[in-house]
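Chain by chain, the residues:
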Amino acid sequence: MAGRVEGKVAFITGAARGQGRSHAIRLAEEGADIIAVDIAEDIDSVRRFYPGATEADLAETVKQVEALDRRIVAAKADVRDYGALKQALDSGVAELGHVDIVSANAGIFVFGEPAQLVTEGDWQDVIDINLTGVWHTAKAVIPHLIEQATGGSIVLTSSTAGLKGFPGVSQYTASKHAVVGLMRTLALELAPHSIRVNSVHPTGVATDMILNEATFRLFLPDAENPSREQAAEVFATTNALPVPWVEPRDISNAVLFLASDEARYVTGVTLPVDAGFTIK
Ligand SMILES: NC(=O)c1ccc[n+]([C@@H]2O[C@H](COP(=O)([O-])OP(=O)(O)OC[C@H]3O[C@@H](n4cnc5c(N)ncnc54)[C@H](O)[C@@H]3O)[C@@H](O)[C@H]2O)c1
């Protein structure tokens, strides 16, 4: 049986681990080849919260996609560096022939202070990666999609923080709201080319980004050494459905749907995969 994205090529940023790796695997399971990029190193403003992905992580994504008998071209590139990102994409397209699906997934989570206390550096890193990096991804890929004239699907990863305010998380929340504005504008600009653009809005996802003590402390400010179990209890109170967080594959299934022809008339949509977080 043909896969749901058989014969397509997907460009995924932040593919070394977490949701990006899961998207690569899920799309490959359904027949896509993959162009994967990741910075695969620590980022200064993030290091105090959780460790960065590594080159070994990116190599593991390659291994897992190849185990599915799909092709993957992976490169180390920083989404802040437009030239490097474009080169990684262009090499992937040269090798795999085309690009049809885009997952602008790379992002960082930096938080903890009220807005007036956020440092210039922390603000800038989050905006540069979570917003400008997403624009860079779109800027690099759109000329390919228009030239191919075979349509396409671009999925921008936002967050529930792209739909609601979060005290103590101003830079991240601002960046993720801005992604929605970019998504809506791109959806209009690219509709005449049959290129669809949507955003996904996960609640907490079980990845290194939130399964760490710094994030547990955001939810349990009074606990001395908050455990995963304690954090799970508090996280669960934020969702309508009785789960503390969702799995990367839950987001991948939404990305797969938006990437597939099943969503051929879905564009400009903000799709929460949030266990009911945003209706609470
Ligand atoms: N985990 C959550 O709870 C959650 C919730 C909502 C939205 N998100 C968003 O989902 C996306 C994926 O996050 P995740 O949960 O998989 O976290 P993660 O930290 O496990 O993965 C993020 C990946 O992006 C890469 N990356 C970061 N900065 C980069 C850069 N400048 N250039 C290239 N790659 C870079 C990292 O190296 C890492 O591999 C992010 O945009 C995040 O903001 C996460």
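Here's a quick rundown of the structure. Values in this document were obtained by computation on a predicted structure and should not be read as measured data.

Thresholds, definitions, all that
- Residues numbered from 1 in each chain as written.
- Predicted model: local features only at pLDDT ≥ 70, side-chain atom pairs only at ≥ 80, totals over all residues.
- Heavy atoms only, no water.
- Near = heavy atom within 4 Å.
- Polar contact = N/O pair within 3.5 Å; in protein donor to acceptor, adjacent residues only side chain to side chain.
- Areas by Shrake-Rupley, 256 points an atom, 1.4 Å probe, with all protein chains shown as cover.
- Axes fitted to C-alpha atoms, helices over the stretch in contact; angles between N-to-C directions.
- Helix = DSSP H or I, 4+ residues; strand = E, 2+ residues; numbered from the N terminus.
- Parallel < 35°, antiparallel > 145°, perpendicular 65-115°, else oblique.
- Contact = heavy atoms within 4.5 Å.
- Nonpolar A, V, L, I, M, F, W, Y, C, P; charged D, E, K, R; others polar.
- Buried < 20%, exposed > 50% of the residue type's maximum accessible area, 1.4 Å probe, protein only.
- Lys, Arg positive; Asp, Glu negative; His and termini not counted.
- Salt bridge = Lys/Arg side-chain N within 4 Å of Asp/Glu carboxyl O.
- Phe/Tyr/Trp six-rings, centres within 6.5 Å; stacked < 30°, edge-to-face > 60°.
- Core = buried A, V, L, I, M, F, W, Y, C linked by side-chain atoms within 4.5 Å.
- Expected span 1.5 Å × (residues − 1).
- Arc of directions from axis to C-beta.

1. Topic: the site of the ligand
Part 1 of the argument: The environment of the ligand is made up of 30 residues, and the closest members are D38, N105, Y172, V205 and T207.
Part 2 of the argument: Between the ligand and the protein, one listed contact pairs an oxygen atom with a side-chain N or O atom of R17 at 2.9 Å.
Part 3 of the argument: Between I39 and the ligand, the recorded distance is 3.1 Å, taken from a backbone N or O atom to a nitrogen atom.
Part 4 of the argument: Coverage of the ligand by the protein chains reaches 98% of its 820 Å² of free accessible surface.

2. Regarding the packing of helix 1 (residues 18–29) against helix 2 (residues 55–66)
Part 1 of the argument: The N-to-C vectors of helix 1 and helix 2 enclose an angle of 10°; their axes lie 9 Å apart at closest approach. Regarding the angle of helix 1 to helix 2, the classification is roughly parallel. Packed against helix 1, whose contacting residues are R21, A24, I25 and A28, the element helix 2 presents D57, E60, T61, Q64 and V65 at the interface.
Part 2 of the argument: Here the contact of helix 1 with helix 2 is built from residues that sort into four nonpolar, two polar and three charged.

3. Regarding the side chain of R21
Part 1 of the argument: Note on placement: R21 falls in helix 1.
Part 2 of the argument: Among buried charged residues, R21 stands out as having no salt bridge; its nearest opposite-charge side chain is D57, 4.1 Å away.
Part 3 of the argument: Not counting the four nearest positions on each side in its chain, R21 is found in contact with G14, A15, A16, D57, E60, T61 and Q64.

4. Structural notes on the environment of A67
Part 1 of the argument: Tracing the backbone shows A67 in the loop between helix 2 and strand 3 (72–76).
Part 2 of the argument: Owing to a relative accessible area of 65%, A67 belongs among the exposed residues under this scheme.

5. A look at the pattern of salt bridges
Part 1 of the argument: For the coordinates displayed, the defined rule picks out 18 salt bridges.
Part 2 of the argument: The closest approach of N and O atoms between R71 and D33, which form a salt bridge, is 3.4 Å. Linking R71 in the loop between helix 2 and strand 3 with D33 in strand 2 (residues 33–38), this pair joins segments that are 38 residues apart in sequence.
Part 3 of the argument: Accessibility expressed as a relative area gives 45% for R71, which makes it partly exposed.
Part 4 of the argument: The exposure class assigned to D33 is buried, which follows from its relative accessible area of 7%.
Part 5 of the argument: With its nearest N and O atoms 3.2 Å apart, the salt bridge here joins E55 to K76.

6. What to know about the packing of aromatic side chains
Aromatic ring pairs are defined here through the distance separating the ring centres and the angle between the ring planes.
Part 1 of the argument: According to the stated counting rule, one finds six aromatic pairs in the structure shown.
Part 2 of the argument: Where F166 meets F277, the ring centres are 5.7 Å apart and the plane angle is 10°; that geometry is what we call stacked. Residue F166 is found in the loop between strand 5 (152–157) and helix 5 (170–190), and its partner F277 is found in the segment after strand 7 (270–273); the two are separated by 111 residues along the sequence.
Part 3 of the argument: Taking the relative accessible area as the measure of exposure, F166 reaches 26% and is therefore partly exposed.
Part 4 of the argument: On the numbers, 4.0 Å between centres and 25° between planes, the contact of F219 with F235 is stacked. Residue F219 is located in helix 6 (residues 213–219), and its partner F235 is located in helix 7 (residues 228–238); the two are separated by 16 residues in the primary sequence.
Part 5 of the argument: Looking at F219, the relative accessible area reads 27%, which means it is partly exposed.
Part 6 of the argument: In this structure F235 comes out as buried when scored by relative accessible area, which is 4%.
Part 7 of the argument: Ring-pair connections join several aromatic residues into one group, and the members of that group are F49, F109, F111 and Y172.

7. Things to note about the nonpolar core
Part 1 of the argument: Ranked by size, the top nonpolar core spans 56 residues in total, and within it F11, L89, I108, V141, I154, L156 and V197 carry the most contacts.
Part 2 of the argument: In this structure L89 touches F11, I35, V99, A140, V141 and H144, once residues within four positions along its chain are discounted.
Part 3 of the argument: Counting residues in each nonpolar core, the second largest holds 19 residues, with A10, L27, A36 and L256 among its members.

8. Concerning helix 2
Part 1 of the argument: With 12 residues, helix 2 should reach 16 Å at 1.5 Å per residue; the first-to-last C-alpha distance of 17 Å fits that figure.
Part 2 of the argument: For helix 2, the complete set of buried residues consists of L58, T61, V62 and V65. Seen from one end, helix 2 has its buried residues packed into an arc of 100°, which puts them on one side. Exposed positions of helix 2 whose direction lies more than 90 degrees from the buried face are A56 and K63.
Part 3 of the argument: Elements that come into contact with the buried residues of helix 2 comprise helix 1, strand 2 and strand 3.

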